[in-house]
Amino acid sequence: MELNILYAAITIMVGFTSAVIAYLVIGQLKKKAEQTETQLDDIILAAIGKPIVVVIIAASVYIAIIYFDVLPASFASVDTDKIVSAFFIIINAWVASVFSYSFIHTYGGVVAKKTDTDIDDRLIPMLATIIKYVIWFVALLLVLAEFQVDITPLLAGAGIAGIALALAAQDILGNFFGGAVITIDKPFKVGDRIKFDAFVGDVVQVGPRSTRIKTLDSRVITIPNKKLTDSVVINYALPDIQLKVSIPFSVAYGSNIKKVKKILLEIARDAAEKTPWVMTDPVPSVYFLEFGESSLNGQLLLWTNNYDNVWDVQDWVNEQIDERFGKEGIVIPFKQMDVRIHR
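Keep in mind the model is a prediction, meaning the values are calculated, not measured. (Residues numbered from 1 in each chain as written. Predicted model: local features only at pLDDT ≥ 70, side-chain atom pairs only at ≥ 80, totals over all residues. Heavy atoms only, no water.)

## What to know about the overall build of the chain
Here's step 1: The helix and strand inventory of the chain stands at nine helices and eight strands.
Here's step 2: Counting over 343 residues, the chain shows a buried share of 30%.
Here's step 3: Contacts spanning at least 24 positions in sequence make up 65% of the contacts within the chain whose residues lie at least 6 apart. (Helix = DSSP H or I, 4+ residues; strand = E, 2+ residues; numbered from the N terminus. Buried < 20%, exposed > 50% of the residue type's maximum accessible area, 1.4 Å probe, protein only. Contact = heavy atoms within 4.5 Å.)

Below you can see the structure in the form of structure tokens.
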């Protein structure tokens, strides 16, 4: 018996020595992996490094106990096969969780840096953490099943807890997944000017729960992501920042409409030549659209090279219309009502 104990102690010492050697070798491999272009080798070594050391030590202890029969008689009823199976389940879960966490953090972070929003920078760590805990939860279930523990109540409890959590956090989850949809579908990005409902402004932040826009009067509006994905959103920056400017006009009945259209086109050409805002291509156009109650109505259409310049274009063109119509004797009517009294 004493000889068996000696052999067992030597076996364990050899195991610890081998574990130390393995630890040093893995350390050297990690240094070489840092010099390579890919990060996959770093992730693999980080995932298997410590588990290998633990496996070597555990294997030496197992060999010492089983093959040299040094356990007391009171431990004879212990099912070592189940313990070994549970041990390797835990080791595999350890490797899988570290590998998946590092892989998602590393390569997900690379992808996130290439996007314009910061929502994916927040989603990546959250996703990595969720997957890590899912792996350990599955490992726990497998260990309990190995020891023939009924896991049905645990699964049922987890399902009920998940349903309750989902119901309680459905708005939060809706906004969270709305942010994910915005990140993937990219209907807009930070810096774009959008219109949502009655709000028009520039996107300043796309977060995991909400999107913030700065309106034209410098107010910051916070909009839940779910509302943005469920509603119509106009993006003035797509496909480019050019924008059609529509300037309505009204002239009195009896006006020479051809002359009116000619004057408006001249004003549009002057705007293209004399201002930095109006484009010559597409060319401006004038349309006579309707016979109003007290006026002839139409629209002057021209293009600006930047949606920020809409008011500048309208201001300049309207001043010219007022000046030219006044010189040419073209009357801009106003609504009026004639009342006649019969006696």
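## Re the layout of surface pockets
Here's step 1: Of the voids in this model, the second largest pocket is the one considered here, and its volume is about 260 Å³.
Here's step 2: Lining the second largest pocket we find Arg193, Val200, Leu216, Tyr236, Leu243, Tyr307, Asp308, Val310, Trp311 and Asp312.
Here's step 3: A total of three residues in the lining of the second largest pocket trace back to one element, the largest contributor, which is helix H9 (residues 310–328).
Here's step 4: Of the residues assigned to the lining of the second largest pocket, the class counts are seven nonpolar, no polar and three charged. (1 Å grid on protein atoms, 1.4 Å probe; cavity = no way out; pocket = protein on both sides within 12 Å on 5 of 7 lines; lining within 4 Å. Points joined across faces, edges and corners; volume = space filled by probe spheres on them. Nonpolar A, V, L, I, M, F, W, Y, C, P; charged D, E, K, R; others polar.)

## Thoughts on the environment of Phe147
Here's step 1: Within the secondary structure, Phe147 is located in the loop between helix H4 (119–146) and helix H5 (152–168).
Here's step 2: With 64 residues separating them along the chain, Phe147 and Ile83 place their C-alpha atoms 8.6 Å apart.
Here's step 3: Sequence-distant contacts of Phe147, defined by excluding residues within four places in its chain, comprise Lys82, Ile83 and Ala86.

## Here we look at the sheet that holds strand E7 (residues 285–291)
Here's step 1: Taken in spatial order, the three strands line up as E6-E8-E7 in an open sheet, and their pairing is antiparallel. Bordering the open sheet on either side are strand E6 (243–251) and E7, each of which pairs with just one other strand. Ignoring strand direction, the axes of neighbouring strands in this sheet form an average angle of 25°.
Here's step 2: Two elements, E6 and strand E8 (residues 296–304), share nine bridges in a ladder whose sense is antiparallel. Note that in E8 the partner of Pro248 across the bridge is Gln299.
Here's step 3: Strands in contact with H9 are E6 and E8; relative to E6, the strand with the most contacts, it is inclined by about 25°. (Pairing = 2+ DSSP bridges. Axes fitted to C-alpha atoms, helices over the stretch in contact; angles between N-to-C directions.)

## With respect to the pattern of salt bridges
Here's step 1: Applying the stated criterion to the full structure yields eight salt bridges.
Here's step 2: Between Asp202 and Arg193 there is a salt bridge; the shortest N-O distance is 2.9 Å.
Here's step 3: Given a relative accessible area of 23%, Asp202 falls into the partly exposed group.
Here's step 4: Given a relative accessible area of 10%, Arg193 falls into the buried group.
Here's step 5: Its salt-bridge partner being Lys226, residue Asp230 comes within 3.1 Å of it at the nearest N-O pair. Here Asp230 and its partner Lys226 are both found in helix H7 (residues 225–230), four residues apart, which amounts to about one turn of the helix.
Here's step 6: Here the salt bridges do not stand alone but share partners, grouping Arg193, Asp202 and Asp308 into one network. (Salt bridge = Lys/Arg side-chain N within 4 Å of Asp/Glu carboxyl O.)

## Details of the nonpolar core
One broad trend across soluble globular proteins is that nonpolar side chains are buried collectively.
Here's step 1: Leu264, Leu300, Val317 and Phe325 are the most contacted members of the largest nonpolar core, which totals 23 residues.
Here's step 2: When residues of this core are traced back to their parent elements, those giving at least two are E6, helix H8 (257–274), E8 and H9.
Here's step 3: In contact with Phe325, not counting residues within four places along its chain, are Val251, Val260, Ile263, Leu264, Ile330 and Ile332.
Here's step 4: The next biggest cluster of nonpolar side chains, apart from the first, holds ten residues, and it includes Ile182, Ile194, Val203 and Ile221. (Core = buried A, V, L, I, M, F, W, Y, C linked by side-chain atoms within 4.5 Å.)

## Regarding the side chain of Thr11
Here's step 1: Of note, Thr11 is situated in helix H1 (residues 2–33).
Here's step 2: Its relative accessible area of 18% is what places Thr11 among the buried residues.
Here's step 3: In this structure, Thr11 is in contact with Ser60, Ile63, Ala64 and Phe68, ignoring residues within four places of it in sequence.

## As for the sheet that holds strand E1 (residues 193–196)
Here's step 1: Spatial strand order, E4-E3-E2-E1-E5: five strands in an open sheet with antiparallel pairing. Single-partner strands in this sheet number two, and they are strand E4 (220–224) and strand E5 (233–235). Between one strand axis and the next, the sheet turns by 40° as a mean value, whatever way the strands run.
Here's step 2: Both strand E3 (residues 210–215) and E4 contribute to a ladder of five bridges, which runs antiparallel. Bridging across to E4, Ser210 finds its partner in Pro224.

## Some points on the side chain of Ser60
Here's step 1: Of note, Ser60 is situated in helix H2 (residues 40–67).
Here's step 2: For Ser60, a relative accessible area of 6% gives the class buried.
Here's step 3: Those residues in contact with Ser60 that lie beyond four places of it in its chain are Thr11, Ile12 and Gly15.

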